[in-house]
Amino acid sequence: MGERKKGKKKKDERSIIHLGCERCSRRNYHTTKNKRNTPEKLALKKYCKWCRSHTIHREMKL
Ligand SMILES: [Zn+2]
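Everything numeric in this text was worked out from a predicted model, so none of it was measured.

J.: Could you give an account of the pairing of strand S4 (residues 53-60), naming the residues involved and the relevant values?
T.: Across 4 bridges, the pairing between strand S1 (residues 14-21) and S4 is antiparallel. Following the sheet pairing, histidine 18 is matched in S4 by methionine 60. Both strand S3 (residues 43-48) and S4 contribute to a ladder of 6 bridges, which runs antiparallel. Counted as the bridge partner of cysteine 48 is serine 53 from S4. Where S3 hands over to S4, the hairpin turn is made up of 4 residues, of which arginine 52 adopts a positive phi near 55°.

J.: Break down the pairing of S1 for me, with residues and values.
T.: The pairing of S1 with strand S2 (residues 27-34) spans 7 bridges and is classified as antiparallel. If you follow isoleucine 16 over to S2, its bridge partner there is threonine 32. Where S1 hands over to S2, the hairpin turn is made up of 5 residues, of which serine 25 adopts a positive phi near 60°.

Rules used in this analysis
- Residues numbered from 1 in each chain as written.
- Predicted model: local features only at pLDDT ≥ 70, side-chain atom pairs only at ≥ 80, totals over all residues.
- Pairing = 2+ DSSP bridges.
- Helix = DSSP H or I, 4+ residues; strand = E, 2+ residues; numbered from the N terminus.

This is how it looks when you write it as structure tokens:
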């Protein structure tokens, strides 16, 4: 039971990206995104513990 992984394995188009604070450029979050669905760069407002405020977090490469 539960040995089978569900679904057929497709080519995984998602890649791990890091979200870095625009102000201090520290990478505080990481996420995955599908490059096909989201070709543009991500920019999210998130809390940065270093700046102690919400700042724009932009996509960064690993
Ligand atoms: Zn910051």
